[in-house]
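# Report on the structure
Spelled out from the first residue to the last, the chains are:
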Amino acid sequence: MSSPSKQSMLDQIKADILSKNVCPDLAKQATQLVFGVGDPNAEIVFVGEAPGKREDLQGEPFIGASGKFLNELLASIGLNRQNIYITNIVKYRPPNNRDPKASEKADFLPYLLKQIDIIKPKLIITLGRHSMEALLPPGVTISLAHGQLQEYQGRNYLPLYHPAAALYNGSLRQTLISDFQKIPSIIKIK
Ligand code: URA
């Protein structure tokens with residue numbers, strides 16, 4: 001018998017989140033679960049914070065203003081959304097786009113780790129402080145760790161600033177653009 005495809009294993013995790021009613025308070029207020037999209041065989045998984053308004057309505061991560069900027073960053077290194085997998089640490093939109101709570105990040109973490117373990121990417125790129133703090137050990141701060149490859153629990157991480165934070169801040173924007181340029185060589189050696 002052939003083993004289940006990565007896509008069907010990912011579909012099962014999505015079904016588990018729904019059937020176990022993870023974060024019912026967020027679920028109640030959201031339009032839908034925003035699970036993740038992209039290539040289940042991708043070498044790179046991007047992990048953002050939580051869906052915003054557009055993402056909540058359309059069910060796909062990073063399709064608003066920060067998603068557009070992310071697409072430009074990907075294009076700058078010859079990638080597009082079909083070459084990667086993208087998801088968030090918290091998979092329902094927090095009301096009024098408030099920061100996700102620590103408990104919400106903790107509730108979704110096991111499912112995020114399962115997604116990553118199915119895809120087995122060479123590199124996990126955290127976008128912003130929230131996904132970095134969920135995946136990397138305490139004490140790692142984004143102002144020091146951004147653009148620096150981190151090996152933790154057998155996985156490779158590259159923490160980056162969140163595109164939404166960098167969108168209207170000239171110096172963060174430049175930092176994010178130059179951190180992105182490190183991705184191709186990291187992928188080559190990993
Ligand atoms: N910001 C995020 O962190 N994730 C999204 O999906 C959209 C905006």
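In this report, the structure presented in the accompanying data block is examined. Along each chain, numbering runs from 1 in the same order as the chain's sequence is written. Thresholds applied to this predicted model are a pLDDT of at least 70 for local features of residues and 80 or more for the giving and counting of side-chain atom pairs; totals over whole chains, interfaces and linings are not thresholded and use all residues. Heavy atoms throughout the structure, all of them, feed into the side-chain values; hydrogens and water do not.

## Section: the pattern of salt bridges
For clarity, the threshold we go by: Whenever Lys or Arg places a side-chain nitrogen within 4 Å of a carboxyl oxygen from Asp or Glu, that contact is recorded as a salt bridge. Helix and strand definitions follow DSSP, with helices as H or I runs of at least four residues and strands as E runs of at least two, each counted in order from the N terminus.
For the structure shown, the criterion picks out eight salt bridges. Arg-98 is paired through a salt bridge with Glu-104; the nearest N and O atoms lie 2.8 Å apart. Between Arg-129 and Glu-133 there is a salt bridge whose closest N-O contact spans 3.5 Å. In this pair, Arg-129 and Glu-133 both sit in helix α6 (residues 129-135), four residues apart, roughly one turn of the helix. Here the salt bridges do not stand alone but share partners, grouping Asp-99, Lys-105, Arg-129 and Glu-133 into one network.

## Overview of the site of the ligand
Inclusion rule: The rule for a residue being near a molecule or strand is that one of its heavy atoms must lie within 4 Å of it. A 3.5 Å cut-off defines polar contacts: any pair of N or O atoms within that distance qualifies, except that in protein one atom must be a possible hydrogen donor and the other a possible acceptor, and neighbouring residues in sequence count only when both atoms are side-chain atoms. Surface accessibility in these figures is a Shrake-Rupley result with a 1.4 Å probe; residues are shielded only by whichever protein chains are displayed. When residues are sorted by character, Ala, Val, Leu, Ile, Met, Phe, Trp, Tyr, Cys and Pro go into the nonpolar class, Asp, Glu, Lys and Arg into the charged class, and all the rest, Gly among them, into the polar class.
Near the ligand you find Gly-48, Glu-49, Ala-50, Pro-51, Glu-55, Pro-61, Phe-62, Ser-66, Asn-88 and His-162, and these make up its full shell. Within the contact set of the ligand, a nitrogen atom lies 3.0 Å away from a backbone nitrogen or oxygen of Ala-50. Contacts to the ligand include His-162, whose side-chain N or O atom sits 2.8 Å from an oxygen atom. Considered on its own, the ligand offers 230 Å² of accessible surface; in the complex 91% of this is hidden by protein. Taken together, the residues of the shell around the ligand break down into four nonpolar, four polar and two charged.

## Notes on unusual backbone geometry
At Asn-96, a residue that is not glycine, the phi angle is positive and equals roughly 50°. The phi torsion at Lys-120 lies on the positive side, around 50°, for a residue other than glycine. When you line up the elements, Lys-120 lands in the loop between α5 (102-119) and β4 (123-127).

## Comments concerning the sheet that holds strand β5 (residues 150-152)
Put simply, the test is: Strand pairing requires that DSSP identify at least two bridges connecting the strands. By definition in these notes, contact holds between two residues if any of their heavy atoms fall within 4.5 Å. Note on definitions: angles span 0 to 180 degrees between N-to-C directions of axes, and those axes are lines fitted to C-alpha atoms, for helices only across the stretch in contact.
An order of β1-β3-β2-β4-β6-β5 is seen for the six strands of this open sheet, with the pairing classed as mixed. Looking at the sheet topology across the chains shown, the edges are occupied by β1 (37-38) and β5. On top of the sheet, α5 reaches β2 (44-48), β3 (85-88), β4 and β6 (155-160); it is set at about 170° to β3, its chief contact.

## Quick look at the pairing of β6
Consecutive side chains along a regular strand alternate between the two faces of the sheet. Here is the rule we go by: Residue burial is assigned from relative accessible area. The probe radius is 1.4 Å, only protein chains are included, and a residue is buried under 20% of its type maximum, exposed over 50%, and partly exposed in between.
For β6, the buried fraction is high: six of the six residues fall into the buried class. The sheet contact formed by β4 and β6 spans four bridges and is parallel. Bridging from a neighbouring strand, Leu-127 pairs with Leu-160 of β6. Where β5 lies against β6, three bridges are found, and the strand directions are antiparallel. Residue pairing for β6: Glu-151 is matched across the bridge by Asn-156. Linking β5 to β6, which pair antiparallel, is a turn of two residues; within it Gln-153 sits at a positive phi near 50°.

## Some details on the nonpolar core
Spelled out, the test is: Side-chain atoms within 4.5 Å are what join buried Ala, Val, Leu, Ile, Met, Phe, Trp, Tyr and Cys residues into a set we call a nonpolar core.
If you look at the biggest cluster of nonpolar residues, it comprises 55 residues, and the most contacted ones within it are Ile-17, Phe-46, Leu-70, Tyr-92, Ile-125, Phe-180 and Ile-183. In this structure Tyr-92 touches Ile-17, Leu-18, Val-22, Cys-23, Leu-26, Ala-27, Ala-30, Gln-32, Leu-33, Ala-50, Pro-51 and Phe-108, once residues within four positions along its chain are discounted.

## Here's the deal with the side chain of Arg-155
Secondary-structure assignment places Arg-155 in strand β6. Side-chain polar atoms of Arg-155 contact the side chain of Asp-117, separated by 3.3 Å. When residues no more than four places from it in sequence are discounted, the contact partners of Arg-155 are Leu-113, Ile-116, Asp-117, Ile-124 and Gln-150.

Note that all results are geometric; they support no functional claim without further evidence.
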